[in-house]
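# A structural walkthrough
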Amino acid sequence: MTPILELKNIHYSYHTLDGETKALSDISFSLAKGEFTAVVGPSGCGKSTLLSLIDGLFRPESGELLLGGESLTENSEKIGYMLQHDHLFEWRTIYRNILLGAEITGRLTPEIKQRASRMLEQYGLKQFARSKPSELSGGMRQRAALIRTLLLEPELLLLDEPFSALDYQTRLTVSDDIGQIIRRTGKTALLVTHDLSEAVSLSDRVIVLTKRPATIARIVPITFSIENDTPLNRRNAPEFKTYFNELWKELNHDEQTNEGTP
């Protein structure tokens, strides 16, 4: 079966008046349909840059990006991008915020409006359809942002630390909520996060990047032998600590090596 997404030997550098800064070096991996993959790495290593390349905001210097087996050279309607902040406009109701992407892309049909109403009800926001964003909690705002992203039925979801602006308790609840929604819809998702617990609790695999210029240090498969496999339940499972420690050691490998060098 053709992967939803393939990256083949991707290289990217930033260019300024001061010179060139290499960001990504020889990045290769693929995502299968319905797979939830997380990307972790040191701060500033290029995780968000990777998502920008996939979304077509940047162009790689070399290498190839394939979406559904076809070359990906610009922004695609098959990709949905959920950012750190919900970017809901206060002068629009929640319902009209959810329709914004459809309006911008000229796809605001009666069918889309009906789907928006169904999704608001399905994800517990029907009673807030006419509310303004300031009337919702942070968790509900993120849920609205996810509905807006899912409304146009993208094949691939890019998630750039979508829970980082929330307080810790809300973050746990919302990541569990949204993680389960994404699973139920069968979407393929690529999550960038600094939070190792989040990566382990949500994903099927974790891609570990090195410091800049980022290469893939390791890809760790994540499996849990629990009956009700949800993000919150994973955090209480015996495997959770093992995966967390494994990722922690991988990310801190360079520092540990340097400390042991005379």
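Summary of the structure given here. Not measured: the values here are computed from a predicted model. (Residues numbered from 1 in each chain as written. Predicted model: local features only at pLDDT ≥ 70, side-chain atom pairs only at ≥ 80, totals over all residues. Heavy atoms only, no water.)

Here we take up the pairing of strand β8 (residues 188–192). Burial within β8 is extensive, with 5 of its 5 residues counted as buried. When strand β3 (residues 36–40) meets β8, the two strands line up parallel, connected through 4 bridges. Within β8, the position partnered with Thr37 by the bridge is Leu190. Of the strand pairs in this sheet, strand β7 (residues 156–160) and β8 are connected by 5 bridges, and their pairing is parallel. Along β8, the bridge assignment pairs Asp160 with Val192. With helix α6 (residues 168–185) bridging β7 and the parallel β8, this β-α-β connection has right-handed handedness. (Buried < 20%, exposed > 50% of the residue type's maximum accessible area, 1.4 Å probe, protein only. Helix = DSSP H or I, 4+ residues; strand = E, 2+ residues; numbered from the N terminus. Pairing = 2+ DSSP bridges. Right-handed = clockwise from strand over helix to strand, strands pointing away.)

Taken as a whole and assessed by the stated rule, the structure comprises 12 salt bridges. Between Arg115 and Glu153 there is a salt bridge, and its shortest N-O distance comes to 3.7 Å. Placement of Arg115 in helix α4 (residues 110–122) and of Glu153 in the loop between α5 (138–150) and β7 is noted, with a sequence separation of 38 residues between them. Measuring nitrogen to oxygen at the nearest pair gives 2.4 Å for the salt bridge that ties Glu246 to Arg218. Here Glu246 is found in helix α9 (residues 238–251), whereas its partner Arg218 is found in strand β10 (residues 216–221), with 28 residues between them in sequence. Assessed through its relative accessible area of 23%, Glu246 is described here as partly exposed. Residues joined by salt bridges that share partners form a network here, namely Arg171, Asp195 and Glu198. (Salt bridge = Lys/Arg side-chain N within 4 Å of Asp/Glu carboxyl O.)

Shape is all these values report; function is a separate question.
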